[in-house]
Amino acid sequence: MALFLAGCAHGISRTTSTPGSTTRAPTAPVAVRRVPHDEAEPVEVGGIAPNDTVVTIHRGEARVVIMRHGPPDRTEFVELTLPSTVFAKDSKDSVRVTIKTRPGMYGVDLSADADWGPGTEIAFKYAVHFYPPAGSLRQYRALTEVDRRLTVARREENGDLTIYHSTHPAPDVLRALIPGDGTYVMVVGK
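Residues numbered from 1 in each chain as written. Predicted model: local features only at pLDDT ≥ 70, side-chain atom pairs only at ≥ 80, totals over all residues. Heavy atoms only, no water.

Caption draft 1: Structural detail: the environment of threonine 27. Along the polypeptide, threonine 27 turns up in the loop between strand 2 (24-26) and strand 3 (31-35). Sequence-wise, threonine 27 and proline 118 are 91 residues apart; in three dimensions their C-alpha atoms are separated by 9.1 Å. (Helix = DSSP H or I, 4+ residues; strand = E, 2+ residues; numbered from the N terminus.)

Written out as structure tokens, the structure reads:
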């Protein structure tokens, strides 16, 4: 990931320090850079795809939405964390959030019937149904090297990808703070 993010320090947002830690974790989405679609490959997904879902969130309420693959294993696919601040400024008492999976890839389309506020976090969970792009396996030659280069990206209308600061808080979990609605995919940087 270091190679992929080299020279991309612009756009850093507020950060907080963890006691006893020398690293700083972002507290808002950090758009590392924008790349053409051919500079990153989407990660493919197997198994039975999760069903699309719509959730209703009451203003000022925090929610965690977990989408799972279909039977028989029901493994987690994506976790969307919506803090109480995300729709707190909306005038409506409740907001509908729609999450649709992207066919054949680790990705989702997010939308809501209100403007997004700060704090939304997405985590792709890829322990079982993970298929790295063939080109990345040829280039990096080991799954551990591919895993190090995974990142969360937002697909823009013209096909470009906005790469977000992403972390691996646990094995086979890729997490990033995101600005709100859009198409988010897990990609491997070239």
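Caption draft 2: Summary view of the nonpolar core. Of all hydrophobic cores here, the largest spans 35 residues; its most connected members are Val97, Ile122 and Met186. Considering every element that reaches this core, the biggest residue donor is strand 8 (residues 76-82), with four residues. Setting aside its immediate chain neighbours within four residues, isoleucine 122 contacts Val78, Glu79, Leu80, Val108, Val152, Leu174, Arg175, Ala176, Ile178 and Tyr184. In this structure, Val35, Met105, Val185 and Val187 belong to the second largest nonpolar core, which totals 10 residues. (Core = buried A, V, L, I, M, F, W, Y, C linked by side-chain atoms within 4.5 Å. Buried < 20%, exposed > 50% of the residue type's maximum accessible area, 1.4 Å probe, protein only. Contact = heavy atoms within 4.5 Å.)

Caption draft 3: The arrangement of the sheet that holds strand 8 in detail. Across the sheet, five strands lie side by side as 7-8-11-16-15; this open sheet has antiparallel pairing. Two strands bound the open sheet, and with one partner strand each, they are strand 7 (63-68) and strand 15 (167-170). Across the sheet, the mean angle from the axis of one strand to that of its neighbour is 25°, orientation sign disregarded. Alignment of strand 11 (residues 121-125) against strand 16 (residues 173-177), held across five bridges, turns out to be antiparallel. Residue pairing for strand 16: lysine 125 is matched across the bridge by valine 173. (Pairing = 2+ DSSP bridges. Axes fitted to C-alpha atoms, helices over the stretch in contact; angles between N-to-C directions.)

Everything listed here is a matter of geometry and, on its own, says nothing about what the molecule does.
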